[in-house]
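# Observations on chain architecture
Each chain, letter by letter, is given below.
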There are 2 protein chains.
Amino acid sequence: MPQVRIHNFSISVDGFGTGELLSAEAPFGHAGRRLHEWMFATQFGHQLFGREGGSLDVDNSFAVATNDGIGVEIMGAGKFGPPGWQDDPTWQGWWGPNPPFHTPVVVYTQHEAEPIVMEGGTTFHFVQGSPTDVLARATELAGGLDIRLGGGVTTVRTFLAADLVDYAHIVQVPIWLGRGESLWQGLEGLEDRYVVTSTPSPSGVTHLTLERRS
Amino acid sequence: MPQVRIHNFSISVDGFGTGELLSAEAPFGHAGRRLHEWMFATQFGHQLFGREGGSLDVDNSFAVATNDGIGVEIMGAGKFGPPGWQDDPTWQGWWGPNPPFHTPVVVYTQHEAEPIVMEGGTTFHFVQGSPTDVLARATELAGGLDIRLGGGVTTVRTFLAADLVDYAHIVQVPIWLGRGESLWQGLEGLEDRYVVTSTPSPSGVTHLTLERRS
């Protein structure tokens, strides 16, 4: 069975996956780049921007797993664009003409639009309905491979609450954002459904994994 | 200079230091014993209850540090008793005739009462005022030794917000309480004031330390 997987999802110690005051200039609001600097420092992060080098440490080992056997990504409206992107017919995501997904991407939104075919294998499909509806559409597009749940915070929280996630890799970054979108709100008792591991990195972040109990 | 230290302060992954529905029968509400089972399993935890045995692992190493060089404890009204203890003139804390503190204890409360002298060196002093006032009184009682900030959640959060804490050992337990009293609420930017470390234990908990930047 295809798995629904979350990778490289970064939160502050106080549980915020993004800050406040999101905009086109500040996709993570007042969090800036701080939630993801651990990833930019890795070889994986360097390659995302076509650069050489980068660390080959435990952070990189976790980071690269995000693409293994993935056939589709599901992302929420809040990951696809800044508030109001639905009113801009030229908006095609943050990632330029050749987005780093290279698979179909299901954008979970109440906004109806035709698919957008990008370079490099990425096509954005705009899908309405319940999380289960969205997952069914993603499964059709995945070609038997796994499904990455890419964020944002609300989408991840919604799918965890609906018990539609098989694996989650959450990166706890040693900062306190104080405000923003909280990942864990309302998710009581995840330990009943998941085996949890915790791995600290010399970089200062702590990798949490949640694997569905068999 | 005496240091203000927090030790063995346990929170869920979602940041709750206690659950909901606190009572005399359930001091941590719906959290039950789950936040502190890691400590009960250690030799330190066994000795608290006069028992032999217990683990000598990293959890124990962290746990025992709570008493090193401590001259006084500050605790909030919510640690001293269940809601309404102020109306019970016979209430002398949760811990029986010989509490495990063996030092003066400053109970931070708006309730005025005479000190209560217990067996074994523990005396409860009831102190009103601001956090700074409470700390001044504790410092007088500490005899030059350090000051343990013992909780509960609101007291720890208040002292962290007032920048009165030198060291904090926080134990993140792999459970999601979903509701209760949140430790981190409103504490933006602690990383500016503290060096943070993260140490996972084979028991499943993760020890966080916050040490004031020099």
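In short, a report on the structure. (Residues numbered from 1 in each chain as written. Chains lettered and ligands numbered in written order. Predicted model: local features only at pLDDT ≥ 70, side-chain atom pairs only at ≥ 80, totals over all residues. Heavy atoms only, no water.)

### Remarks on the pairing of strand E10 (residues 194–200) of chain B
All names here are of chain B. In terms of strand pairing, E10 meets strand E11 (residues 206–212) through seven bridges, oriented antiparallel. Each residue of the ladder has a partner; that of Thr199, found in E11, is His207. Here E10 hands over to E11 after five residues, with Gly204 in that stretch at a positive phi of 110 degrees. (Pairing = 2+ DSSP bridges. Helix = DSSP H or I, 4+ residues; strand = E, 2+ residues; numbered from the N terminus.)

### Some remarks on the interface of chain B and chain A
Contacts between the two partners involve 23 residues from chain B, matched on the other side by 24 residues from chain A. With both chains or domains summed, chain B and chain A bury close to 1,900 Å², and 57% of this area falls on carbon and sulfur atoms. Looking at the side of chain B facing chain A, the largest losses of area belong to Trp176, Glu188 and Glu191 of chain B, adding up to 36% of the total buried there. The tally of links from chain B across to chain A stands at four salt bridges. (Contact = heavy atoms within 4.5 Å. Buried area = accessible area lost by both parts, 1.4 Å probe. Salt bridge = Lys/Arg side-chain N within 4 Å of Asp/Glu carboxyl O.)

### Quick word on the pattern of salt bridges
Within this structure, the stated rule accounts for 22 salt bridges over all chains. Arg157 of chain A serves as the salt-bridge partner of Glu181 of chain A, at 3.3 Å between the closest nitrogen and oxygen. Remark: Arg157 of chain A occurs in helix H6 (residues 153–161) and Glu181 of chain A occurs in strand E9 (residues 181–182); sequence separation between them is 24 residues. Put simply, Glu140 of chain B and Arg137 of chain B hold a salt bridge, and the shortest N to O gap is 2.8 Å. Of the two residues, Glu140 of chain B and Arg137 of chain B both sit in helix H5 (residues 131–141), three residues apart, roughly one turn of that helix. On the basis of relative accessible area, Arg137 of chain B is assigned to the partly exposed category, the value being 30%. Residues joined in a network through salt bridges with shared partners are Asp163, Asp166, Arg193 and Arg212 of chain A. (Buried < 20%, exposed > 50% of the residue type's maximum accessible area, 1.4 Å probe, protein only.)

### Remarks on the relation of the copies chain B and chain A
Of the transformation placing chain B onto chain A, the axial shift is 0.0 Å and the rotation is 180 degrees, giving an RMSD of 0.0 Å. In symmetry terms, the pair is related by a two-fold rotation axis. Across chain B, the rotation axis passes nearest the C-alpha of Pro200 of chain B, at a separation of 3.4 Å. Here 100% of the contact residues of chain B are again contact residues in chain A; the copies associate through an equivalent surface. (Least-squares fit on C-alpha atoms with pLDDT ≥ 70 in both.)

### Points about the sheet that holds strand E11 (residues 206–212) of chain A
Residues and elements named next belong to chain A. Taken together, nine strands build an open sheet; the order of strands is E5-E6-E4-E3-E7-E1-E8-E11-E10 and the sheet is mixed. Looking at the sheet topology across the chains shown, the edges are occupied by strand E5 (116–117) and strand E10 (194–200). Relative to strand E4 (residues 104–108), strand E3 (residues 70–76) is paired through four bridges, and the arrangement is parallel. Of the residues in E4, the one forming a bridge with Gly76 is Tyr108.

### Topic: the side chain of His46 of chain A
Residues and elements named next belong to chain A. Turning to its location among the elements, His46 is positioned in helix H2 (residues 43–48). In terms of polar contacts, His46 uses its side chain to reach the backbone carbonyl oxygen of Phe40, at 3.0 Å. Excluding residues within four positions of it along the chain, His46 makes contact with Phe40, Ala41, Arg51, Glu52, Gly53 and Gly54. (Polar contact = N/O pair within 3.5 Å; in protein donor to acceptor, adjacent residues only side chain to side chain.)

### Digging into the side chain of Asp59 of chain B
All names here are of chain B. Here Asp59 shows up in helix H3 (residues 58–64). Despite being buried, Asp59 has no salt bridge partner; Arg33 is the closest side chain of opposite charge, sitting 13 Å away. A polar contact of 3.0 Å, which involves the side chain of Asp59, links it to the side chain of Ser201. Not counting residues up to four positions away in its chain, the partners in contact with Asp59 are Trp38, Thr42, Ser201, Ser203, Val205 and His207. (Lys, Arg positive; Asp, Glu negative; His and termini not counted.)

### Here's the deal with the sheet that holds strand E8 (residues 167–173) of chain B
By way of backbone hydrogen bonds, the strands of a sheet pair with one another, either parallel or antiparallel. Residue and element names in this part refer to chain B. Pairing in this open sheet of nine strands is mixed, and the strands run E5-E6-E4-E3-E7-E1-E8-E11-E10 from one edge to the other. Strands at the two margins of the open sheet, each flanked by one partner only, are strand E5 (116–117) and E10. In terms of strand pairing, strand E3 (residues 70–76) meets strand E7 (residues 146–149) through four bridges, oriented parallel. Considered in E7, the bridge of Ile70 is made with Asp146.

Structural measurements only, silent on function.
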